[in-house]
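Overview (structure and organization)
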Amino acid sequence: MKIFHSINSFQTNKKTIVTLGTFDGVHIGHQKIIEKLIHNAKTSNCESLILTFFPHPRMVLQEQSEIQLLNTIEERTALLQKTGLDNLIIHPFDKTFSRLTAEEFVKDVLVDQLNIQKIVIGHDHRFGRNRTANIDDLIEFGEKYGFEVEQISAQEIEAVSVSSTKIRSALDAGNINLANQYLGYDYFLTGVIRKGKQLGRTIGFPTANLKIEENYKLVPQKGVYIVLSILDGKTVYGMMNIGINPTVGGESVSIEIYFLDFNGDLYDQKIQVSLLQLIRSEEKFASIDLLKAQLEKDKNTVITFLKNL
């Protein structure tokens, strides 16, 4: 897959089959649309192309928006790379771009820059300045500028919408199994391991402190999770706590992982942590000894889970 960070940098000698969208999560609903796009391109001897935007338009147009996304832009790119897509354009979204009229967007971007033969798009898609143009306008532009418009059915669009909503709701509720079912893969967090307070090692549970730089990334509800990571080329399982560590007087949310069977140095390394299951919600214990006893129980829960894989 070729990746372009601006519409202006895209070049091809072939015609393209295009779809537009955020594709946040690249979940099973998105995957069906992308399969359709790729099939269209192969049967037409064209190149498949997704045009997406970053920052998310709501981050730009609603400055107070605290939007939470399932993927960082790097994560989304990596997931799209696995689909077999030919081209991905991640165009910087700003207020100037948002002011393009519908026809300017069609002619200047889709036709002149992307060399479009067909666009695969939802029946409810709106575009152009103030999102005033709809699918009927797009079909008219297609007739005027010589490209086809293929509508994604209402049922498929509903599946995408429902999936996204259900994934976010499931993660907010700690229902990792349901979220992973809709995603088609295990939900994951990506961050850099930084030095924490190092309290875990004093009770026999040294933890890696995961810092996620992107504040728009959705972090699931507080609690203890069974997780896995690929560390030094090896699959390593562990348990991860998302929370404030109330037993030791913590106040800010941290993400800490205790890995089973791993002793390497992870400081300043960027790692990906996949969430497999919620063990329990975060609790405040009356003493450090009670906390340690619970962590032993949690560890045994992880070991039992792994035996049943």
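Structure: above.
What you are looking at is a predicted structure, and each value in this text was computed from that prediction instead of being measured. (Residues numbered from 1 in each chain as written. Predicted model: local features only at pLDDT ≥ 70, side-chain atom pairs only at ≥ 80, totals over all residues. Heavy atoms only, no water.)

Looking now at helix α5 (residues 102-111). Within the sequence span of α5, burial applies to Ala102, Phe105, Val106, Val109, Leu110 and Val111. Along the axis of α5, the buried positions cluster into a sector of 155°, meaning they face one direction only. Elements in contact with the buried residues of α5: β2 (16-20), β3 (47-54), α4 (95-98), β5 (116-122) and α6 (135-145). (Buried < 20%, exposed > 50% of the residue type's maximum accessible area, 1.4 Å probe, protein only. Helix = DSSP H or I, 4+ residues; strand = E, 2+ residues; numbered from the N terminus. Arc of directions from axis to C-beta. Contact = heavy atoms within 4.5 Å.)

Another point: the sheet that holds strand β7 (residues 188-194). Ordered in space as β7-β8-β11-β10-β9-β12, the six strands form a closed barrel in which the pairing is antiparallel. Each adjacent strand pair in this sheet contributes to an overall mean axis angle of 45°, direction not counted. Bridge count between strand β9 (residues 223-231) and strand β10 (residues 234-243): nine bridges; the pairing is antiparallel. Residue Tyr225 lies in a different strand from β10, and its bridge partner there is Met240. Its contacts with the sheet put helix α8 (residues 176-183) on β9 and β12 (270-280), and the angle it makes with β12 is roughly 130°. Against the sheet, helix α9 (residues 288-307) engages β9, β10, β11 (254-259) and β12, with an angle of about 100° to β12. (Pairing = 2+ DSSP bridges. Axes fitted to C-alpha atoms, helices over the stretch in contact; angles between N-to-C directions.)

With that settled, the discussion passes to unusual backbone geometry. Of the consecutive residues Phe54 and Pro55, the connecting peptide bond is found in the cis state with omega at 0°. Mapped onto the secondary structure, Pro55 falls in the loop between β3 and α2 (57-61). Phi at Asn115 takes a positive value of approximately 55°, unusual for a residue other than glycine. If you trace the backbone, Asn115 turns up in the loop between α5 and β5.

We now examine the sheet that holds strand β1 (residues 2-4). Reading across from one edge, β1-β4-β3-β2-β5-β6 is the order of the six strands in this open sheet, with parallel pairing throughout. This sheet does not close on itself; its edge strands, each paired only once, are β1 and β6 (148-152). In this sheet, neighbouring strand axes are inclined to one another by 20° on average, regardless of whether the strands run parallel or antiparallel. Pairing geometry for β2 and β3, over five bridges, is parallel. The partner of Val18 across the bridge, within β3, is Leu49. Packed onto the sheet, α5 meets β2, β3 and β5 and runs at close to 125° relative to β5.

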